[in-house]
4 protein chains.
Amino acid sequence: MHVTIEQAETAIAAARAKAVELGTQMCIAVVDSGGNLKAFHRMDDAWVGSIDIAQKKAKTSVFFGMMTGQIGQLSQPGGPLYGIEHSNEGLITFPGGIPIVDADGVMSGAIGVSGSTVENDHTVAEAGAKAIGQTELPAHPWRT
Amino acid sequence: MHVTIEQAETAIAAARAKAVELGTQMCIAVVDSGGNLKAFHRMDDAWVGSIDIAQKKAKTSVFFGMMTGQIGQLSQPGGPLYGIEHSNEGLITFPGGIPIVDADGVMSGAIGVSGSTVENDHTVAEAGAKAIGQTELPAHPWRT
Amino acid sequence: MHVTIEQAETAIAAARAKAVELGTQMCIAVVDSGGNLKAFHRMDDAWVGSIDIAQKKAKTSVFFGMMTGQIGQLSQPGGPLYGIEHSNEGLITFPGGIPIVDADGVMSGAIGVSGSTVENDHTVAEAGAKAIGQTELPAHPWRT
Amino acid sequence: MHVTIEQAETAIAAARAKAVELGTQMCIAVVDSGGNLKAFHRMDDAWVGSIDIAQKKAKTSVFFGMMTGQIGQLSQPGGPLYGIEHSNEGLITFPGGIPIVDADGVMSGAIGVSGSTVENDHTVAEAGAKAIGQTELPAHPWRT
């Protein structure tokens, strides 16, 4: 199942509340399990450059069933996935993208957040994802 | 001034209510006066192909300070703007994109809707735009 | 549910058999319900230019839950969807793309065929789609 | 000569068998000696993000007549080909792309595999390539 618009709105509201708590201005994107945009929200005064980054983080996360930061650890110079960011019309591999997994362990989509430090981006994304599901996949990503 | 996130959410809620009233499933996008995405909402069961069209309608509308359908009348074969859709990484020039104009006659953004007939798309976009402003610009589009 | 690789192969084999019967050389693409490529097959001597067209037909069909030719009737000069081909990084709106619908009326993917006349392209696509499902959707496209 | 569809299917079947043996879910692409897609196969549960990577690995390999990992050794920071991934609308330079060379030492195409570790990707690609030819070119790549 894909994330529903009701779930996407719940995730965005939770992410936004966390962003306010942290005193940050974020772009927040939710994509379905096919990587297609479901909902997007740019807080006032968020960087315009974060619009694309938030969406690419969500896409990257759902395309590989991983948190973006995990891929970034493998894509450093000398690492096994060096340069993977050139695929799929651009990936973002630093933290802030997290899969959304339902109670059956199926990935229904992902959330991507950009607008502050990568630590804050990740924290805000996690608040969003956990409002509607889990963030950890079984051994292999499942999607429907 | 750019459209705020509060205004964008108000516009999307009004557009969504109209879409429900019409029995349609819509993608609804709001961009600021720079053409950059402010908020996006895909109703469940809306066409995946409408994600991009809704955003391009909003972009097209704000880039020229016109309703998309007005540009489409000029871009037909033999018309003065024939082929304008090739610019700006893709425009959409059929109805469903409408400028959002504030009380001072300044364009603060635009709304784009896709998911049904172009008449329904336009009606839903208009409901969104009118919830937060006007849809008609003075002689020349102003933006701030 | 998305089309499985077993279904995709069955569809391609059926399409290919029909292409041989017609004495044509085809590119045949199957995408899942998110528009992402599942399988692709280029017969020997098929046009290289058909590689992209077949994939875009399949994408177009699944993105709007329609046969591509239906969209093409609406996108002619003066028609309501004139210029829609500029969206979604390029659509193809002439015949040869057909949705794949399962027994529950849910769209699981689409097939796109290119390499001959549009009549032959459509016939070959239909042979592929019907080998694994139906080609007609309920009133509104459903996907999961 | 370009790889034929019969050869491409043989290569994909061999690659798939190896992938099953390794317990992995792979995207497998075969391109001809012009870099144009001949056949593609996405196993169920393979990463969606691997669709593009598998194709880019095959393209990269045939464009330079080398295994992708060889190019990746030259494209690291400080290396002679640093940043080559920006060319050709995106290259992938980590292992998993291998040239397919016929009995006369002529490159007829390439195979690209993505979906697991780069070691597994390479092993699966090699199984595919060796099912229909060699993987090593004479001093200079030849194509016809």
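On a predicted model such as this, the values are computed, not experimentally measured, just so you know. (Residues numbered from 1 in each chain as written. Chains lettered and ligands numbered in written order. Predicted model: local features only at pLDDT ≥ 70, side-chain atom pairs only at ≥ 80, totals over all residues. Heavy atoms only, no water.)

Draft legend 1. Structural detail: the pairing of strand β2 (residues 37-42) of chain D. All names here are of chain D. Among the six residues that make up β2, six are buried, leaving the element largely enclosed by the rest of the structure. Where strand β1 (residues 27-32) lies against β2, five bridges are found, and the strand directions are antiparallel. Its bridge partner lying in β2, V30 is registered against A39. (Buried < 20%, exposed > 50% of the residue type's maximum accessible area, 1.4 Å probe, protein only. Helix = DSSP H or I, 4+ residues; strand = E, 2+ residues; numbered from the N terminus. Pairing = 2+ DSSP bridges.)

Draft legend 2. Here's a closer look at the pattern of salt bridges. The tally for this structure, following the rule as stated, stands at 28 salt bridges over all chains. Between K130 of chain B and E126 of chain B there is a salt bridge whose closest N-O contact spans 3.7 Å. Taken together, the positions of K130 of chain B and E126 of chain B, both in helix α4 (residues 118-130) and four residues apart, correspond to about one turn of that helix. In this structure, the salt-bridge partner of D121 of chain D is K57 of chain D, at a minimum N-O distance of 3.0 Å. Taken together, the residues D121 of chain D in helix α4 (residues 118-130) and K57 of chain D in helix α2 (residues 50-64) connect sequence positions 64 residues apart. The same class applies to D121 of chain D and to K57 of chain D, which are both buried. (Salt bridge = Lys/Arg side-chain N within 4 Å of Asp/Glu carboxyl O.)

Draft legend 3. Molecular detail of the layout of surface pockets. The computed volume of the second largest pocket comes to approximately 460 Å³. Lining the second largest pocket are 31 residues, and of these W47 and S116 of chain B together with F64, M66 and L74 of chain C sit closest to its centre. Of all the elements in the fold, those that place two or more residues in the lining of the second largest pocket are α2 (50-64) and α4 of chain B together with α3 (68-74) of chain C. Here the lining of the second largest pocket is built from residues that sort into 17 nonpolar, ten polar and four charged. (1 Å grid on protein atoms, 1.4 Å probe; cavity = no way out; pocket = protein on both sides within 12 Å on 5 of 7 lines; lining within 4 Å. Points joined across faces, edges and corners; volume = space filled by probe spheres on them. Nonpolar A, V, L, I, M, F, W, Y, C, P; charged D, E, K, R; others polar.)

Draft legend 4. Molecular detail of the sheet that holds strand β2 (residues 37-42) of chain A. The sheet built from eight strands is open, its strands ordered β3(A)-β4(A)-β1(A)-β2(A)-β2(B)-β1(B)-β4(B)-β3(B) with antiparallel pairing. Of all the strands in the sheet, just β3 (97-101) of chain A together with β3 (97-101) of chain B have a single pairing partner and so form its edges. Neighbour to neighbour, the strand axes of the sheet diverge by 20° on average, direction disregarded. In terms of strand pairing, strand β1 (residues 27-32) of chain B meets strand β4 (residues 107-114) of chain B through six bridges, oriented antiparallel. Note that in β4 of chain B the partner of V30 of chain B across the bridge is I111 of chain B. Each of β3 and β4 of chain B touches α4 of chain B; the most contacted strand, β4 of chain B, lies at about 145° to it. (Axes fitted to C-alpha atoms, helices over the stretch in contact; angles between N-to-C directions. Contact = heavy atoms within 4.5 Å.)

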